[in-house]
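Analysis of the macromolecular model
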Amino acid sequence: MHDHEFEGQVMLPPQSLKAKKGRGAVSNMQGRYELQAREAFDDGWAPEPDDAEAELLPPRTIVTAETAKTILTRNQSPDIPFNVSLNPYRGCEHGCIYCFARPSHSYLGLSPGLDFETRLFAKVNAPELLRAELSKPGYAVESLALGVNTDAYQPCEREYQLTRRVLQVLAECNHPVGLITKSSLIERDIDILAPMAARNLAAASITITTLDSKIARTLEPRAAAPARRLRTIETLAKAGIPVGVSIAPIIPFVTEPDIEKIMCAARDAGAVMATYVVLRLPWEVSPLFKEWLEAHFPDRAERVMNRVRDMRGGKDYEAEFGSRMRGEGVWADLIQQRIEKGITRFGFHGRHSKFRSLDCSQFKRPDYIPPSGARARAAAQAGQLDLF
């Protein structure tokens, strides 16, 4: 690489990226909507001691309370098993480097990199919005997916308890719900989920990407360890909650060797379903994942990406419905065969079977309907008058 001149200074070749302890992203790359691009260069000046020390500290997590306007997200994607989802949080502290939701932070003017896992937003009015939605005369009930974009049980849920409050509303209304998480915090809500499951109103899925705790610490740095997730499957199953294992994403030469081991361990823990997704690299996830590979697996980075491209028609990613979740080509077909044979071998019911069979006939309107429109504004004004 040749040196470049920049305003009389010599731009040195970029230094190798270093992983940050407890974080998945290696950098805080700019989102695709930024108007100006910035590029770091070494101008020869050494940083002040305090600045150098601060640079070594892990970035701090900041959670901002957000008042959302809507809370249910609807989709018409033919390759996912749900049409309606709810996400109490934006951004996710688990820091999974492969997370397909990372590009959504670009819409906020934030980085899909470190910002995504350190600059979080809690939709503090989520339970109230859900209650209002369920009370509408035209509301058509169907199974709700909770926490599919970002994890509904990420660490800040311990403080905000938005997921628990949402579940309380759903339980009150006999509304079917499916959850997916990497966190053992879901065990806290067994008192709500177990009675719902007994009425065929709840099912859960635990994501296990690898059984190797060393890989998991860099791949999903703030999620529960693989062994802890297996104990969570066991705990949920013993409570009578149908639980499956989501092997997602399958990363060639990194997590792919563990497919059958994960299925076997999950079956032994009590899982009754198994699903999978091949690694997806939309938008900014692709360069972020490549940085992660160079930082943690430089010896196999090129090999991994070559296999990914083999399954994506020569690209880093192909977003076509149907193929985006499983890929295409010889290697994708081999992975699919391994999953299907594993489902038969380990006695799983199949993919998404419990979620799709949840009962929608028991639904009833909320007991309490929050004020809306003019009534809500009048109540807010009344509250202000009381203060003054």
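A short tour of the structure in this document, coming up. The shown structure was predicted, so the numbers you read here are calculated from the model rather than taken from an experiment.

**Brief notes about the nonpolar core**
In this structure, L130, L167, L170, I233, V245, M263 and I339 are the most contacted members of the largest nonpolar core, which totals 60 residues. Ignoring anything within four residues of it in the chain, the contact list for L170 reads L130, L134, L144, H175, V177 and M196. Core analysis: the second largest hydrophobic core is formed by 28 residues, Y98, L293, F297 and A301 among them.

**Focus: the sheet that holds strand β10 (residues 202-207)**
In a beta sheet, neighbouring strands are held together by backbone hydrogen bonds and run either parallel or antiparallel to one another. Read across the sheet, 7 strands follow the order β4-β5-β8-β9-β10-β11-β12 without closing on themselves; strand pairing throughout is mixed. With partners counted over all chains shown, the strands left at the sheet margins are β4 (72-74) and β12 (273-278), one partner each. Averaged over all pairs of adjacent strands, the angle between strand axes in this sheet comes to 25°, irrespective of strand direction. As paired elements, strand β8 (residues 144-146) and strand β9 (residues 177-181) share 3 bridges and run parallel to each other. If you follow A145 over to β9, its bridge partner there is G178. Helix-sheet contacts for helix α12 (residues 330-345) involve β11 (243-250) and β12, and the interaxial angle to β12 is about 175°.

**Some points on the pattern of salt bridges**
Between side chains of opposite charge, pairing is possible as soon as their charged atoms come close. In this structure the tally under the stated criterion is 23 salt bridges. Across the pair R188 and D189 runs a salt bridge, and its minimum N-O distance is 2.9 Å. The partly exposed category is assigned to R188, whose relative accessible area is 27%.

**With respect to the packing of helix α3 (residues 126-134) against helix α5 (residues 162-172)**
At a minimum axis separation of 8 Å, α3 and α5 run at an interaxial angle of 20°. Between α3 and α5, the interaxial angle falls into the category roughly parallel. Both α3 and α5 take part in a crossing whose hand is right-handed. Residues A126, P127, E128, L130, R131 and L134 of α3 touch α5, and the partners they reach there are L162, R165, V166, V169, L170 and E172.

**Comments concerning unusual backbone geometry**
In this structure, P249 follows A248 across a cis peptide bond, with omega equal to -5°. Among the secondary structure elements, P249 is positioned in strand β11. Here W283, not a glycine, exhibits a phi torsion of approximately 45°, which is positive. Structurally, W283 is set in the loop between β12 and α10 (285-296).

**Examining the state of the cysteines**
Considering all chains together, one arrives at 0 disulfides under this definition. C92 forms no disulfide, and the closest cysteine sulfur to it belongs to C96, at a distance of 6.1 Å. Classification of C96 by relative accessible area gives buried; the value is 6%.

**Section: the environment of K238**
With respect to the helices and strands, the residue K238 is situated in helix α8 (residues 226-238). Put simply, K238 and A194 are 44 residues apart on the chain and 9.7 Å apart in space, counted from C-alpha to C-alpha.

**Things to note about the packing of aromatic side chains**
On inspection of all chains with the given rule, the structure shows 3 aromatic pairs. Where W292 meets F297, the ring centres are 5.5 Å apart and the plane angle is 55°; that geometry is what we call tilted. Through successive ring pairs, a cluster of aromatic residues spans F289, W292 and F297. When the ring centre of F100 is taken as reference, the NZ or CZ atom of R280 above it lies at 5.1 Å. Over the aromatic face of W331 sits the side chain of R307, whose NZ or CZ is 3.4 Å from the ring centroid.

**Topic: a nonpolar patch on the surface**
A cluster of nonpolar residues, V330, W331 and L334, forms a patch on the protein surface that exposes about 280 Å² of accessible area. Overall, the relative accessible area of 60% leaves V330 in the exposed class.

**Quick look at the sheet that holds strand β3 (residues 62-66)**
Read from one edge of the open sheet, 3 strands run β3-β7-β6, paired in mixed fashion. Only two strands of the sheet have a single partner each, and these edge strands are β3 and β6 (89-90). Note: β6 against strand β7 (residues 119-123), 2 bridges, orientation antiparallel. Bridge pairing links R90 to F121 in β7.

**Things to note about the environment of E187**
By the element assignment, E187 lies in the loop between β9 and α6 (190-198). Sequence-wise, E187 and T232 are 45 residues apart; in three dimensions their C-alpha atoms are separated by 6.9 Å.

Procedures and definitions
- Residues numbered from 1 in each chain as written.
- Predicted model: local features only at pLDDT ≥ 70, side-chain atom pairs only at ≥ 80, totals over all residues.
- Heavy atoms only, no water.
- Core = buried A, V, L, I, M, F, W, Y, C linked by side-chain atoms within 4.5 Å.
- Buried < 20%, exposed > 50% of the residue type's maximum accessible area, 1.4 Å probe, protein only.
- Contact = heavy atoms within 4.5 Å.
- Pairing = 2+ DSSP bridges.
- Helix = DSSP H or I, 4+ residues; strand = E, 2+ residues; numbered from the N terminus.
- Axes fitted to C-alpha atoms, helices over the stretch in contact; angles between N-to-C directions.
- Salt bridge = Lys/Arg side-chain N within 4 Å of Asp/Glu carboxyl O.
- Parallel < 35°, antiparallel > 145°, perpendicular 65-115°, else oblique.
- Left-handed = near helix turned anticlockwise from the far one by under 90°.
- Disulfide = S-S within 2.5 Å.
- Phe/Tyr/Trp six-rings, centres within 6.5 Å; stacked < 30°, edge-to-face > 60°.
- Lys NZ or Arg CZ within 6 Å of the ring centre and 35° of its normal.
- Patch = residues over 30% accessible without salt bridge, like charges linked within 9 Å, V, L, I, M, F, W, Y side chains within 5 Å.
- Areas by Shrake-Rupley, 256 points an atom, 1.4 Å probe, with all protein chains shown as cover.

Function cannot be read off these values alone, since they describe shape.
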